[in-house]
Amino acid sequence: MSGRWSPVRRVLSLAAVLGLWQALTTYDINLWLRFEQFPTVGEIARAFADRVAGDAYWQDLTDSLTRIVTGFALAAVLGVTVGTAVARSRIAADLLGPVLEVLRPVPAIALVPVAILLFPSNEQGIVFITCTAAFFPVMVSTRHAVRALTPVWEEAVLTMGGGRRRVLWSVVLPGALPGILGGLSVGIGVSWICVISAEMISGEYGVGYRTWQDYTVVDYPGVFVGMATIGLLGWLTSTAVELLGRRLTRWLPRTESRPAAPARRRRPAPAAPTAPSVRTAQERVRS
């Protein structure tokens, strides 16, 4: 019963937040936080409608999606490959492990100067930053997931005559898939943070670039339109990754909570027939 009302509760929570925003900005409430300079929900909605009607909005949307999809796809392939190699091979762990651990704490957005120096165009540099941002969550999740696999499965495949390739495709990757998908879910969120930041710093077109331009010309409704667009794009891509993960792992048992069925009242079991006593048997014989 509670799951049936879940969409209604979500819509009501969003409507409550928007209603509170509208009230605070309409009456210029200043309670330590200053809402007098914030645009109202109606102003943002009108600005959003104006942007959607123009071609520049869709061009920015296309550019940002192209960058995020390209960078994230590269990060997924490289992260799974490197993570599996480091977890399975001592040589790979010795050669790549120290380099990866030194680079991993460096924020991807701090690589903007490196991208400007390395790549001939800003477009390639933004894709590089996006790929780097998503690579490390995917790689670390894959490495831990592969190392956590029980060796019994691998030994069973080897016992039945399977080789290393068979072990990789039949045991390692399917067994580590839930952990890999967790890294992909984290990576897509980090990718959006970095691609928007990179577009603000050195981009040409894109949602982040347009949002920063609106801020420089003091177009606050346009700034919130950009923020809403970023939120919607991040939600859609994260949902797509989650749905893909559910499809790939549909063979796993689901642990979603469901309402418990009412317990059935059991009828009392019929009493077992008692054995006749010795006295009763004697009385029957006499009669």
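Residue positions are given per chain, counted from 1 along the sequence in the order it is written. It should be noted that, the model being predicted, local features are given only for residues of pLDDT at least 70 and side-chain atom pairs only at 80 or more, the latter also being counted only at that level, while totals for whole chains, interfaces and linings use all residues. As a rule here, side-chain values cover all heavy atoms of the structure and leave hydrogens and water aside.

Enquirer: Account for the confidence of the model for the chain, with residues named and values stated.
Expert: Scored from 0 to 100, pLDDT reflects the predictor's confidence in each residue. Summarising the model, the chain shows a mean pLDDT of 84, and 87% of its residues fall at 70 or more. Each helix is a run of DSSP H or I of at least 4 residues and each strand a run of E of at least 2, with the numbering of both proceeding from the N terminus. By mean pLDDT, the top-scoring element of the chain is helix α3 (residues 55-88) (93), and the lowest-scoring one is helix α11 (residues 278-286) (47).

Enquirer: Can you tell me about the side chain of Ser-191, naming the residues and giving the values?
Expert: Summarising the element assignment, Ser-191 is placed in helix α8 (residues 164-202). In protein, a polar contact requires one atom able to donate a hydrogen and another able to accept it; more generally it is a pair of N or O atoms within 3.5 Å, and residues adjacent in sequence count only if both atoms are side-chain atoms. Within the structure, Ser-191 has its side chain in polar contact with the backbone oxygen of Gly-187 (distance 2.7 Å). In this description, contact between two residues means that some pair of their heavy atoms is separated by no more than 4.5 Å. For Ser-191, the residues in contact, after removing those within four places along its chain, are Ile-68, Phe-72, Thr-130, Ala-133 and Ala-134.

Enquirer: Go over a nonpolar patch on the surface with me, naming the residues and quoting the values.
Expert: On the surface, a cluster of nonpolar side chains totalling about 400 Å² of accessible area is made up of Trp-212, Tyr-215, Val-218 and Tyr-220. As for its position among the elements, Tyr-220 is in helix α10 (residues 220-248). The residues that make up patches have over 30% relative accessible area and no salt bridge, and they are joined within 9 Å when like-charged or within 5 Å when they are Val, Leu, Ile, Met, Phe, Trp or Tyr. Here the open area of atoms and residues is found with the Shrake-Rupley method and a 1.4 Å probe, where only the protein chains shown may cover a residue. Any carboxyl oxygen of Asp or Glu within 4 Å of a side-chain nitrogen of Lys or Arg constitutes a salt bridge here.

Enquirer: Run through helix α1 (residues 6-26), naming residues and quoting values.
Expert: Look at α1: 30 Å from first C-alpha to last across 21 residues, which is about the 30 Å you get at 1.5 Å a residue. Listed in full, the buried residues belonging to α1 are Ser-6, Leu-24 and Thr-25. Each buried residue of α1 sits inside an arc of 100° when the element is viewed along its axis, so together they form one side. Pointing more than 90 degrees away from the buried face of α1 are the exposed residues Pro-7, Val-11 and Leu-12. Downstream of α1 by a residue or two, Asp-28 has a phi angle that is positive, lying close to 50°. In this scheme, a helix's expected span is set at 1.5 Å multiplied by one less than its residue total. Between buried and exposed lies partly exposed: a residue is buried under 20% and exposed over 50% of the maximum accessible area for its type, with that area taken using a 1.4 Å probe on protein chains only. Note: the arc covers the axis-to-C-beta directions of the helix.

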